[in-house]
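# Structural description and commentary
So you can see what is in the structure, the chains are spelled out below.
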Amino acid sequence: MPLQVDDIQGIILYGYGHLRHACFLLLGISDPSATKAWLKTLDVLSGRFNRNEVDRCLNVAFTSGGLRRLGLSDDLMCEFSSEFREGMAATPHRQRILGDSGESGPDRWRWGGPGNPELHVLLMLYARNEIALSELLTDQQSRFVSAGLTSIAQLDTNWLPQDKEHFGFRDGISTTAIEGFHKDTSPANTIAAGEFVLGYLNAYGQYTQRPLVNQAQNPHGLLPHAPEDPTRGDLGMNGSYLVFRQLSQEVTRFWQYCDEQTRRDGASSAKVRTRLAAKMVGRWPGGAPLVKSPERDDPALSSENEFLYHGEGDATGLKCPIGSHIRRTNPRDSLEPDPGSGRSIEVGKRHRLIRRGRAYGVPVAPSMDPADVLAAGPSTVERGLHFLCFNTHIGRQFEFIQHTWANNPGFDGLYDDDDPLIGDRGGSYGKSAGTFTIQADPVRTRVTGMPRFVHVRGGAYFFMPGIRALRFLGSL
Amino acid sequence: MPHQEALTVIARITPGHVPALKAVLGTIADHGDRWSVVPFATLANVHFARFVVFDETTDLDGNPLAPQLALMTNVDAPLDGHLEDLATECGAGLDRVFDHCEGYPGVAERTAAARVEFLREHQVRARAFYVNRQGRTVTQILGEEELRRAINGHLDSTDFSRQSPEAVRRSIVSYVSSRSDLAWALQPAERPALAWRIAELIHQVGIAVLAIVFLPLLLPLLPVLVLLLRRHEKRDVPDTSIAPADAVRRLRADEDYWVQNQVTAVGLFKPGLFRLILATAILLLTDYAVRHIYNRGSLSGLSSIHFARWVPLDGRRRLFFTSNYDGSLESYMDDFIDKAAWGLNAIFSSGDGFPRTCFLFCGGISDEKAYKRFLPTRQAQTQVWYSAYPHLTTKNVANNAAIREGLSDQLSEDETRTWLRRFGVGNQLPESGLIARIFDSIRWDRLCRCK
């Protein structure tokens, strides 16, 4: 079934690379009926738009508390995924598997934690330039009082030079192609639409759990029909779960660590330092993947995403370390059964995300050069990534990737190595990790005692409804 | 070097004592790995241990099934020695626990011998018992991990990058020789006792011969059996209920403290003679398969299970399954769907309420939604769980064993290079046997098409 792009909110299908200015508003609902009236007229961008004509746009998503506040009945609520219903910070178990402890614990979060105001709505604002964004923001904010909304937090973003993230690596290269939507994509990276949009077949060839309503609950026929049961309205269809985590990055600490570990007789080497960092990431700062270019950054490969690991003869990680960030968050053909085979790739396709994050905070050094970062000295300004991703099964996709792959010190035959960038250093597995092993001949080298470079400052699970479902919510 | 055994002891809980017993046992979330009542860690040959309370319930006809307590351990043989250990070193703890069970010796009669007798009387044989790899003792597993850590420390101490693989290996071997506490590692690990290996071989060949003799007699019946099976499958009533949210939350609260996890699941057999015979046959085949086919670290492509067992409960009415595995329950379920759905379907489709199968091997848990909804409805809470090495994955254990082997083996240049890579990552699994590889190459999900 082709995607109903005009019923899917645009940010699920597109990264809005032409709208580089963005801001996220976290809102509470104080007057549900006023909010519902606002929802009926809210002009959100669908997946059908002309880049040249759109210079600003909105998208919207809700927490489970928000949907309840709008009046969604319990019997419908319980058909949403349990992870979404409970929320990101709800149980000690979820905090444990996500590694949200200590400095990253929800009790210290700025938003979304137990001590913060209850979130209901996420309003996402995107614009082509600073002026358009500020106009859009002012316009939206002026409606909040009459819409029964209270502002909880405003999260600004900052598109960094050279399309990099704060550690200085080119980001957003590995994008996931959606089957039946993106054309001419490589089969290994083309994923069933139902993994990212509800109401379509997922990577198991099945429909993911979501709320379906009977005719009585859908009196005006606002909702689309469920494909597996056309007598029922589909509240989930064309919607997706949005995982939002504010991840602060300790950029200076990261480069200081890489510097300390690579000094020889007290002298730093920019080349060796960058090589260690590249081994941790799995790509060079310019973007070239190590498995394709193990010894140097190669500008010709800066956007390269067509590669496998076993398929490139790197089963043992000699080129791209087994524990590097990009290899463990998307192992491609490294998984059992039978690594290097089509079956291995198939298994990996059940654990993919569509990433839509945006950086925030000013870079330590506008040049994004590690030498300048180190020269700048300690910084008190917070910076990082508003990590956003879409998936339809939070447990099998986002949480699995964070826990089973990123935080796991025993990932793929390792022992004490969690993800060098986003790992929680073993806390979620009850041990101390923070080792990074660089597979090499004649024998591996490794660095140990890595501090945590990324901390969680806030987070929540949202549901981003399809556009007809949005009108349905407005009519509750 | 001994092989590994599974001890299962099942006792009826004295009426009215379930709450008091549960209070003694606590939960994994309460005590983590520091449960001091029965100190399994003091027994050097226990790999895993658990206590599970099977709450009072009813069978399919509504007859009550009394609450029961199960004690399970995975130990290095001999089992007799283990019973002695339990009755002496853990005697006081056993008393506190089994005090709440029927038939346990009275306070005045609690001698080691009386405890052993009680354990023996209540011992139940597992219908099938899976061991990731037979022959690795607790001492060996812990020792080889210490060995790997020590060698890694040695590798960190010098820059080996310009040395030849042979030179690096020589340096490692000489380092290990210099450590008197690690000298044992220069000898290969012992294999399980010859008598045990011969008995296993006789079982392997004997059953195969019996099968070859009797299968031709069954073959003419096959079409009838398949028709019967399909008739039963069409009439099955899958349980589509959802486990209560608070029960699921309680189960989750016990999970993911270490790289290893545990699961206990229990269910009633489907009624009728056909299902009884089928279930018995499948469990026999399972026993055979895990002993002789899937005995090299992989259970149908699934490498994350350390030990698992299938045990009858209440005569032929119920069966429970326990597993000690690596990773989260989510990843465990995904593993089964992705790699071993056919086997799990064949075994557990005998269970009441199981997602509908098709020709025994297909359907069933291939329906992700149905499987993930069903499992929590059949889970029993493991109240106490112990692992002697909760931070080691099956791959870690296997890799450590291979590191130790490489110290004493004669290695070619290529083998030396491959061996040295084991200090970088231990993700090379031993190859499965021929029959296992044939089974694993079958795309079971594509064999049958049912509506």
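Rules of the game
Residues numbered from 1 in each chain as written. Chains lettered and ligands numbered in written order. Predicted model: local features only at pLDDT ≥ 70, side-chain atom pairs only at ≥ 80, totals over all residues. Helix = DSSP H or I, 4+ residues; strand = E, 2+ residues; numbered from the N terminus. Rg over C-alpha atoms; globule rule 2.2 N^0.38 Å. Buried ≥ 20, exposed ≤ 12 C-beta atoms within 10 Å, placed from the backbone. Contact = placed C-beta atoms within 7 Å. Nonpolar A, V, L, I, M, F, W, Y, C, P; charged D, E, K, R; others polar. Pairing = 2+ DSSP bridges. Axes fitted to C-alpha atoms, helices over the stretch in contact; angles between N-to-C directions. Core = buried A, V, L, I, M, F, W, Y, C linked by C-beta atoms within 7 Å. Parallel < 35°, antiparallel > 145°, perpendicular 65-115°, else oblique. Left-handed = near helix turned anticlockwise from the far one by under 90°.

Along the backbone of chain A there are 14 helices and 16 strands. By the compact-globule yardstick of 23 Å for 476 residues, chain A fits well, its C-alpha radius of gyration being 22 Å. Taken over the C-alpha atoms alone, chain A extends approximately 75 × 50 × 45 Å along its principal axes. With 476 residues in all, chain A has 55% of them scored as buried. When contacts within chain A are restricted to residue pairs at least 6 apart in sequence, long-range pairs at least 24 apart make up 68% of them.

Within the secondary structure, Thr445(A) sits in strand 15 (residues 445–447). Separated by 19 residues in the primary sequence, Thr445(A) and Gly426(A) have C-alpha atoms spaced 20 Å apart.

With 41 residues of chain B in contact, the opposing surface of chain A contributes 36 residues. For the side of chain B that touches chain A, the elements supplying multiple residues, two or more each, are helix 7 (165–178), helix 10 (245–253), helix 12 (329–339), helix 14 (368–378), helix 15 (394–408) and helix 16 (413–421) of chain B. A total of five residues in the side of chain B that touches chain A trace back to one element, the largest contributor, which is helix 12 of chain B. Tallied by class, the residues present in the side of chain B that touches chain A amount to 11 nonpolar, 14 polar and 16 charged.

Residue and element names in this part refer to chain A. Among the secondary structure elements, Ile326 is positioned in helix 10 (residues 325–329). Judged by local crowding, Ile326 falls into the buried class, with 22 C-beta atoms found within 10 Å. In sequence terms Ile326 and Ala406 are 80 residues apart; their C-alpha atoms lie 9.6 Å from each other.

All names here are of chain B. A sheet is described by the order of its strands in space; here four strands give the open sequence 1-5-2-12, paired in antiparallel fashion. Because the sheet does not close on itself, it has two edges, and the strands there are strand 1 (4–12) and strand 12 (382–387). Each strand of the sheet is rotated relative to its neighbour by a mean of 10 degrees, with strand direction disregarded. Sheet analysis places strand 2 (residues 46–54) next to strand 12, joined by five bridges and oriented antiparallel. Across the sheet, residue Phe48 finds its bridge partner in strand 12, namely Ser387.

Ranked by size, the top nonpolar core spans 124 residues in total, and within it Leu122(A), Leu125(A) and Phe462(A) carry the most contacts. Once residues lying within four places of it in the same chain are set aside, the contact partners of Leu122(A) are Phe24(A), Leu26(A), Val60(A), Ala61(A), Phe244(A) and Phe462(A). Leu25(B), Val131(B), Ala279(B) and Ile305(B) belong to the second largest nonpolar core, which has 89 residues in total.

Residue and element names in this part refer to chain B. Contact pair helix 7 / helix 16: the axes reach a minimum separation of 9 Å and the direction vectors enclose 60 degrees. Viewed along their axes, helix 7 and helix 16 adopt a mutual orientation that is oblique. At the point where helix 7 passes helix 16, the crossing takes the left-handed sense. Across the interface between the two elements, Pro165, Glu166, Val168 and Arg169 of helix 7 pack against Glu413, Thr416, Arg417 and Leu420 of helix 16.

Here we take up the sheet that holds strand 7 (residues 212–213) of chain A. All names here are of chain A. Sheet architecture is open: three strands sit in the order 7-9-8, paired in antiparallel fashion. Looking at strand neighbours, the two that pair on one side only are strand 7 and strand 8 (225–226), the edges of this open sheet. One ladder, built from two bridges, connects strand 7 with strand 9 (residues 229–234); its direction is antiparallel. Bridged to Leu212 within strand 9 is Asp234.

All right, on to the pairing of strand 10 (residues 240–249) of chain A then. All names here are of chain A. The buried fraction of strand 10 amounts to 10 of the 10 residues, a majority that puts the element mostly inside the structure. Where burial is concerned, the two faces of strand 10 agree: the one with Ser240, Leu242, Phe244, Gln246 and Ser248 and the one with Tyr241, Val243, Arg245, Leu247 and Gln249 are both buried. Taken together, the 10 bridges between strand 10 and strand 16 (residues 454–464) define a ladder with antiparallel strand orientation. From the neighbouring strand, Ser248 faces strand 16, where its bridge partner is His455. Here eight bridges tie strand 10 to strand 13 (residues 384–391), and the two strands are oriented antiparallel to one another. Paired with Gln246 across the two strands is His386, which belongs to strand 13.

All names here are of chain B. In contact at an axis separation of 9 Å, helix 6 (residues 138–157) and helix 15 are set at 70 degrees when each is read in the N-to-C sense. In terms of orientation, helix 6 lies roughly perpendicular with respect to helix 15. Contacts between helix 6 and helix 15 involve Ile141, Glu144, Glu145, Leu147 and Arg148 from the first element and Val397, Asn400, Ala401, Ile403 and Arg404 from the second. Along the lines of polarity and charge, the residues of the contact of helix 6 with helix 15 split into five nonpolar, one polar and four charged.

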